[in-house]
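# Summary of structural features
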Amino acid sequence: MGPARSAPFAGTRMNSYRQSFYAGLIRIIANMLMVCAIFVAMYFSAGPGSWPAEAVFSAVFFGITIPVWTIAFWLTRQIRRIFPAVAESMVDLPGRGPCLVRWQLRESAFSCVPAAKPEKFHGAPPAGVLWGAEAGASA
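An account of the accompanying structure is given in this report.

Definitions and limits used
- Residues numbered from 1 in each chain as written.
- Predicted model: local features only at pLDDT ≥ 70, side-chain atom pairs only at ≥ 80, totals over all residues.
- Heavy atoms only, no water.
- Helix = DSSP H or I, 4+ residues; strand = E, 2+ residues; numbered from the N terminus.
- Buried < 20%, exposed > 50% of the residue type's maximum accessible area, 1.4 Å probe, protein only.
- Axes fitted to C-alpha atoms, helices over the stretch in contact; angles between N-to-C directions.
- Parallel < 35°, antiparallel > 145°, perpendicular 65-115°, else oblique.
- Nonpolar A, V, L, I, M, F, W, Y, C, P; charged D, E, K, R; others polar.

### A word on the environment of Val35
Note that Val35 resides in helix 1 (residues 16–46). On the basis of relative accessibility, which here comes to 41%, the residue Val35 falls in the partly exposed class. In sequence terms Val35 and Phe61 are 26 residues apart; their C-alpha atoms lie 9.6 Å from each other.

Take a look at the structure:
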């Protein structure tokens, strides 16, 4: 078998700024088409017809804007899949295929936690360990 097919431009690195630029451009075009849909719907609702003007306006307006925004959301999703940002990557999950995953570090796994409280030690604390008031007094 040959190598697995990858998305076009998968080798190029795209940062979050370029990704948000393309997504913003898609939204701006969708908004411009929505404004045009208002004028087209007003034009069709002003003409003579047996239907009420509000019904014609609503049918034309929503008939244009719903497909426009569906395509805009689909294109935005494709932009995010084809050009993953710095903290994102495509992972091939079994049963689901390639999925876009965002990586995020929560906190460091190496945190200092005392093994026991000072009162657990019977007598003096171990050498080299300063507890409470002793730590402030020697500093």
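### Structural notes on the packing of helix 1 against helix 2 (residues 53–82)
Between helix 1 and helix 2, whose axes approach to 9 Å, the crossing angle comes to 170°. With respect to their mutual orientation, helix 1 and helix 2 come out roughly antiparallel. In terms of residue class, the contact of helix 1 with helix 2 is built from 23 nonpolar, 5 polar and 2 charged.

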